[in-house]
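Okay, here's what each chain looks like letter by letter:
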Amino acid sequence: MSKVPSPSGTEEIVKIEIRGLTSGDSSDQLSSKSVAIRRKQNGTFIQTDKSIYKPGQKVNFRIVTLSQDLETSNEKYPLIELQDPQRNRLAQWKDVVPNSGIVDLSFQLSPEPALGTYNIKTDLINHVFTVEEYVLPKFEVSLQAPPSITVLDSNMTVTTCARYTFGQPVPGTVTFKICQKCWGSYWRRWGPSSQDGENKEGENDVCHLHTAKNDHSGCLKSTVDLSKFQIRNSNYDRKLVVEAFLEEEGT
């Protein structure tokens, strides 16, 4: 049995014949069929551990070449280059031999690199990644509290939630503050002046401060005891002012 020769191009049609000997020792064709023969082609892939990097981070990348049968190739790469957005060569690796079919390389970005699209090139393929300045993701904090309370209410529930603009919950620590202003301090602010050092503004206000981590949904739900507020006292404002703050985890 002879080996099928490689096609002259990427694909070639060859005719295969099966012949046999007759009683008269002559060769007769028993069967024939046309077969398409394709040249084996390899595919090279470059993969970075991230698509976007920040200044000062390390770029880790790997290169692998696979055959049509998904077998890795250990043939060396003559030249691997890393170029910045202006196509300046920042690094190069020559005659790199894969380890078990995979090339693992890395490059350390400077603290103040050129921002934009970088390019990793071989003689067969190239791959791009981006370097950007770090920008804190934007998020918003929502606050839910009862629109009104009565003197018969013993507590109220306050719910604070935080979500990024792309919809995911924000992990972090929530602080909410509930205050009731004392009318006496309001009068001292706008009415006749008091003696220096006495009855400072806000010193008689009643406030409740609570800080805790939010849950996996980005929310913190708390029940507040209203007995500490002067709900029945006419010297105090008839409303509670609620404020909420969030400190994002890791900032």
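These numbers were taken from a predicted model, which means no experiment stands behind them. Sequence order as written defines residue numbering, which begins from 1 separately in each chain. The model is predicted, so local features are restricted to residues of pLDDT at least 70 and side-chain atom pairs to those at 80 or more, both for listing and for counting; the totals for chains, interfaces and linings are taken over all residues. As a rule here, side-chain values cover all heavy atoms of the structure and leave hydrogens and water aside.

(A) Spatial organisation of the nonpolar core. The biggest cluster of nonpolar side chains holds 19 residues, and the ones touching the most others in it are Phe61, Ile80, Trp93 and Phe129. Note on conventions: DSSP H or I runs of at least 4 residues are helices, E runs of at least 2 residues are strands, and numbering of each starts at the N terminus. Elements with a contribution of two residues or more to this core: β5 (58–66), β6 (77–83), β7 (89–96), β8 (102–108), β9 (116–121) and β10 (126–131). Residues in contact with Trp93, not counting those within four places in the same chain, are Phe61, Pro78, Leu79, Ile80, Leu82, Leu105 and Ser106. Core analysis: the second largest hydrophobic core is formed by 17 residues, Val158, Tyr164, Cys182 and Leu246 among them. Put simply, a nonpolar core is a bunch of buried Ala, Val, Leu, Ile, Met, Phe, Trp, Tyr and Cys residues held in one set by side-chain atoms that sit within 4.5 Å of each other. Exposed residues in this analysis have more than 50% of their type's maximum accessible area, buried residues have under 20%, and partly exposed residues fall in between, with area computed by a 1.4 Å probe over protein chains only. By definition, residues are in contact when any of their heavy atoms lie within 4.5 Å.

(B) Representation of the state of the cysteines within the structure. Cysteine sulfurs are considered disulfide-paired once they come within 2.5 Å of each other. Within this structure, the stated rule accounts for 2 disulfides. Covalent S-S linkage joins Cys179 and Cys207, the inter-sulfur distance amounting to 2.0 Å. Its S-S torsion of approximately 115° makes the covalent link between Cys179 and Cys207 right-handed. Taken together, the residues span a long stretch of sequence, with Cys179 in strand β13 (residues 172–180) and Cys207 in strand β14 (residues 206–213) at a distance of 28 residues. Note on Cys179: relative accessible area 17%, which makes it buried. Look at the protein and number its bonded cysteines as they come in the sequence; the links are 1-4, 2-3.

(C) Examining the side chain of His208 more closely. Its place among the elements puts His208 in strand β14. Residues adjacent in sequence count toward polar contacts only when both atoms are side-chain atoms; beyond that, a polar contact is any pair of N or O atoms within 3.5 Å, and within protein one must be able to donate a hydrogen and the other to accept it. A polar side-chain atom of His208 sits 3.1 Å from a polar atom in the side chain of Lys228. Not counting residues up to four positions away in its chain, the partners in contact with His208 are Phe176, Lys177, Ile178, Val224, Lys228 and Phe229.

(D) Quick look at the environment of Gln108. With respect to the element layout, Gln108 can be found in strand β8. Given the relative accessible area of 44%, Gln108 is considered partly exposed. The spatial distance from the C-alpha of Gln108 to the C-alpha of Gln57 is 6.2 Å, given a sequence separation of 51 residues. With residues near it in sequence (within four places) discarded, Gln108 still touches Gly56, Gln57 and Lys58.

(E) Spatial organisation of the sheet that holds strand β15 (residues 219–225). Whether two strands pair comes down to DSSP finding at least two bridges between them. Strand order in the open sheet made by the 3 strands is β11-β12-β15, with antiparallel pairing throughout. Whereas interior strands pair on both sides, the edge strands pair on one side only; in this sheet they are β11 (139–144) and β15. Pairwise comparison of adjacent strand axes, ignoring direction, gives a mean angle of 15° for this sheet. Pairing analysis gives 6 bridges linking β11 to strand β12 (residues 155–164), with the strands arranged antiparallel. Paired with Glu140 across the two strands is Arg163, which belongs to β12. Helix axes use the C-alpha atoms of the stretch in contact, all axes being lines fitted to C-alpha atoms, and the angles between their N-to-C directions lie in the range 0 to 180 degrees.

(F) Structural detail: the pattern of salt bridges. For this document, the term salt bridge refers to a Lys or Arg side-chain nitrogen within 4 Å of an Asp or Glu carboxyl oxygen. Enumeration over the complete set of coordinates arrives at 5 salt bridges. A salt bridge links Lys213 to Glu249, with the nearest nitrogen and oxygen atoms 3.0 Å apart. Placement of Lys213 in strand β14 and of Glu249 in the segment after β16 (241–248) is noted, with a sequence separation of 36 residues between them. A residue is classified by how much of its surface remains accessible, and Glu249, at 48% relative accessible area, is partly exposed.

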